[in-house]
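Below, each chain spelled out in residue letters.
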Amino acid sequence: MSRLFVLSILALISCFLLISSCHGFVGGGLHDVKGQDEKVLSLLKYVKKSLATTNKSPVKILKVLSVKSQVVAGILYHLKLKIETNGKVQVINTKVLETLPNELGLSKFELKGVEKVEKVEHEL
């Protein structure tokens, strides 16, 4: 095995352990994200902007129903949101991946899917 390969594997394991220890959980499992901290607000801002671009209309987040996180090759956030778009209220599940920091120490968000959970009968 090349020395570079071994060092790459050790670096990956170190990143995984660092993320796990910072968030207080083990990789792979879903864990509730408590409170409305800065990370959740950043996620909501990103989701709102991404959905507005996809739907080509403004999106209003009415309520955060749940936020869970999962350690993968980064952190995968599972959000259940009540939103309004085009005058219709709906509940959606969405996933946002926060990638591992790059060589500049920067991470980024990627929208990984949106699923309609239920349709609310009345309009606002």
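Each value, and the rule that gives it
Residues numbered from 1 in each chain as written. Predicted model: local features only at pLDDT ≥ 70, side-chain atom pairs only at ≥ 80, totals over all residues. Heavy atoms only, no water. Helix = DSSP H or I, 4+ residues; strand = E, 2+ residues; numbered from the N terminus. Buried < 20%, exposed > 50% of the residue type's maximum accessible area, 1.4 Å probe, protein only. Contact = heavy atoms within 4.5 Å. Areas by Shrake-Rupley, 256 points an atom, 1.4 Å probe, with all protein chains shown as cover. Expected span 1.5 Å × (residues − 1). Arc of directions from axis to C-beta. Polar contact = N/O pair within 3.5 Å; in protein donor to acceptor, adjacent residues only side chain to side chain. Patch = residues over 30% accessible without salt bridge, like charges linked within 9 Å, V, L, I, M, F, W, Y side chains within 5 Å. Salt bridge = Lys/Arg side-chain N within 4 Å of Asp/Glu carboxyl O. Pairing = 2+ DSSP bridges. Core = buried A, V, L, I, M, F, W, Y, C linked by side-chain atoms within 4.5 Å.

(A) A look at the overall build of the protein chain. Broken down by element type, the protein chain carries 2 helices and 5 strands. Overall, the protein chain shows an N-to-C arrangement of helices and strands of α-β-α-β-β-β-β. Each of the 124 residues in the protein chain was classed as buried or not, and the buried ones make up 28%. For the protein chain, restricting intrachain contacts to residue pairs at least 6 apart in sequence, the fraction spanning at least 24 positions comes to 48%. As presented, the protein chain carries roughly 8300 Å² of accessible surface, and 59% of it is formed by carbon and sulfur atoms.

(B) Main features of helix H2 (residues 38-55). For H2, which comprises 18 residues, the first-to-last C-alpha distance of 26 Å matches the rise-based estimate of 26 Å (1.5 Å per residue) to within 8%. Listed as buried for H2 are Val40, Leu43, Leu44, Val47, Ser50 and Leu51. The buried residues of H2 all sit within an arc of 140° when viewed along its axis, so they share a single face. Every exposed residue of H2 that faces more than 90 degrees away from the buried side is listed here: Glu38, Lys45, Lys49 and Thr53.

(C) Layout of the side chain of Glu98. Among the structural elements, Glu98 can be located in strand E4 (residues 88-99). Glu98 gets classed as buried once you look at its relative accessible area, which sits at 10%. There is a polar contact of 3.4 Å between the side chain of Glu98 and the side chain of Tyr77.

(D) Representation of a nonpolar patch on the surface. A surface patch of nonpolar side chains, amounting to about 520 Å² of accessible area, comprises Phe5, Val6, Leu7, Ile9, Leu10 and Ile13. For Phe5, a relative accessible area of 44% puts it in the partly exposed group.

(E) Region of interest: the pairing of strand E2 (residues 59-72). As paired strands, strand E1 (residues 30-32) and E2 are joined by 3 bridges and run antiparallel to one another. Bridge pairing in E2 places Asp32 opposite Lys68. Note that E2 and strand E3 (residues 74-85) share 12 bridges and pair antiparallel. Each bridged residue has a counterpart across the sheet, and for Val72 the counterpart in E3 is Gly74. Two successive antiparallel strands, E2 and E3, enclose a turn made up of 1 residue.

(F) Seen up close, the nonpolar core. Among the nonpolar cores identified, the biggest contains 14 residues, and Leu51, Tyr77, Leu79, Leu81 and Ile83 are the most heavily contacted of them. When contributions to this core are tallied by element, the ones reaching two or more residues are H2, E2, E3 and E4. If we ignore the near neighbours within four places in the chain, the residues touching Leu51 are Lys56, Val59, Ile83, Ile92 and Val114.

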